[in-house]
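# Structural description and commentary
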Amino acid sequence: MSQWWTRAVFYQVYPRSFADSNGDGVGDLDGIADRLDYLADLGVQALWLNPVMVSPMADHGYDVADPRDVDPLFGDLDALDRLIAAAHARDIKVTMDLVPNHTSSAHPWFTEALADPSRRDRYIFRDGVGDRPPNNWLSVFGGPAWTRVPDGQWYLHLFDSAQPDLNWDNPEVFDDIEKTLRFWLDRGVDGFRIDVAHGMAKSPDLPDMALTETGLLRSRADDPRFDNDDVHEIHRFIRRVLDDYPEAVTVGEIWVHGNEQFAKYLRSDELHLGFSFRLVQADFDAEEIRAAIDNGLAAAALAGAAPTWTLSNHDVPREVTRYGGGARGVARARAMALVMLALPGSVFIYNGSELGLPDADLPDEVLQDPVWERSGRTERGRDGARVPMPWSGTEPPFGFSSSPDTWLPIPADWAPLTVERQLADPDSVLALYRRAIGLRAGRTEFDGDDIDWIGATTFRLPGGLICALNAGTTPVALPAGEVLLVSGPLVGGKLAPDTAAWLV
Ligand code: NOJ
């Protein structure tokens, strides 16, 4: 019997933006618990919660000051226990983010390190070269990856200066992560999404990097900041702990070059799953989509792991916007939802994808992502994809909160996109997602670990399901078979451009 995570629909909850139960304008754990029936009706098997641990929120929770407690903004440990119990009662697993590459600068370890230079070994402190930092590394968020402290030393932060990188050569760091893993697993958490899973080990002598393009999605194969071999020892350590909890899963955020490098993270004593970001990077283009699918399948096969698929997450523009926005963006996102949900393996749906939300156009003064300031206000960052969910009603905050003052403003023109409106419309994006997830879970035609291409962007599963995508500009004939589901209207019995169909 294969493990549950080899064929699951995960739903990514960005807790700040899902549902606010206490009227402070920020989503929270009780808000998620209140909406579990919505998620059960959508048909998802597992949640991935972005970080809810204690944090000053310099990077919205990816700067953790206490890895074994819940931030009051989101509730408390009791609220988490309630959420886990209520989710489990609906057969929904709960996985959380784990952030092992760095802590917050407000973590007691870092406070101690600043006060006492002899206590710096849990982080990466170095002397500079004259007045310059120890090397030329750049932060993924822009600017130098080093910040100088008053006594003249520098500390490394691959992300914001409020996120100092941990020194994984220090055994105390291992002991602490074990405590954190067991703390949450013992509370009933079903696993972890591991942040920057390719980042924890640094190239020993900290050599200069080649100064080309950097960014969250881009790093070179020879980038000394990432994908150093010692990282695998850390994953083996984490796995030894996880093996005490055989129903729990780890899924790594792994941005590396090439399938061989990727597969190393999924060896039988390392991570269970790794995110494939190829569909996130592909344009709505027949060749790119097919290459992304082939690559995702090949990488997983090489690793002997289940493939994973996602169209977006909290770090990238939403798919509707990536595919051109407007009606065409929505049509393409609907088509790609059917493509993704037909594929073997596990699928990750980012909250709001099931509503066809676009990125919001936000004014400068509300932007909060550290990328905005660190890039010298040249990159707007990721806030546009993180706007709160519209639930009901005709004006902001659309039932997300009782406060009109939500942490990011919700566009007034999202009124037609609310859950309430979409539940009443059989042709809505939400209705399509619900039908598609239900069919995927319930029909044997979706069985099988591989696909056969029977046309440029048409594939068949071993169970018999055919998924046909028209990424071209003119209608195409449908393959033979009974149509189970289409993402948009047929034109004279043909599959319209920007449309996909499932047939059996
Ligand atoms: C990846 C996370 O997905 C992103 O949101 C975060 O900013 C960085 N890691 C740093 O933790």
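Model, not experiment: these values are computed from the prediction. (Residues numbered from 1 in each chain as written. Predicted model: local features only at pLDDT ≥ 70, side-chain atom pairs only at ≥ 80, totals over all residues. Heavy atoms only, no water.)

### Concerning the packing of helix α5 (residues 171-186) against helix α6 (residues 231-242)
For the pair α5 and α6, interaxial distance at closest approach is 10 Å and the crossing angle is 35 degrees. The way α5 lies across α6 gives a crossing that is right-handed. Across the interface between the two elements, Phe174, Ile177, Glu178, Leu181, Arg182 and Leu185 of α5 pack against Glu233, Ile234, Phe237, Ile238, Val241 and Leu242 of α6. Taken together, the residues that form the contact of α5 with α6 break down as 9 nonpolar, no polar and 3 charged. (Axes fitted to C-alpha atoms, helices over the stretch in contact; angles between N-to-C directions. Helix = DSSP H or I, 4+ residues; strand = E, 2+ residues; numbered from the N terminus. Left-handed = near helix turned anticlockwise from the far one by under 90°. Contact = heavy atoms within 4.5 Å. Nonpolar A, V, L, I, M, F, W, Y, C, P; charged D, E, K, R; others polar.)

### So, the sheet that holds strand β12 (residues 308-310)
Pairing is parallel across the open sheet formed by 8 strands, whose spatial order is β11-β10-β9-β5-β2-β1-β13-β12. Whereas interior strands pair on both sides, the edge strands pair on one side only; in this sheet they are β11 (273-274) and β12. The sheet contacts of helix α14 (residues 429-442) involve β1 (9-13) and β13 (346-350), and relative to β13 the element is tilted by about 165 degrees. (Pairing = 2+ DSSP bridges.)

### Some points on the domain arrangement of the protein chain
Interfaces are often described in size by the accessible area the parts lose on coming together. The domain boundaries assigned to the protein chain delineate domain 1 (4-98 + 171-196 + 226-440), domain 2 (108-156) and domain 3 (451-503). If you look at the interface, domain 1 gives 11 residues, while domain 2 gives 9 residues. For the pairing of domain 1 and domain 2, the buried interface totals around 760 Å² over both sides, and the portion due to carbon and sulfur atoms is 58%. When residues of domain 1 are sorted by the area they lose upon contact with domain 2, Glu172, Val173 and Arg374 head the list and together hold 58% of the total. Between the two partners, domain 1 and domain 2, sit 1 salt bridge. One salt bridge in this structure joins Glu172 and Arg122, with 2.9 Å as the shortest N-O distance. At the junction of domain 1 and domain 2, the tally comes to 3 residue pairs in polar contact (both at pLDDT 80 or more). Its residues assigned to classes, the side of domain 1 that touches domain 2 comprises 5 nonpolar, 1 polar and 5 charged. (Domains from an automatic or database assignment. Buried area = accessible area lost by both parts, 1.4 Å probe. Salt bridge = Lys/Arg side-chain N within 4 Å of Asp/Glu carboxyl O. Polar contact = N/O pair within 3.5 Å; in protein donor to acceptor, adjacent residues only side chain to side chain.)

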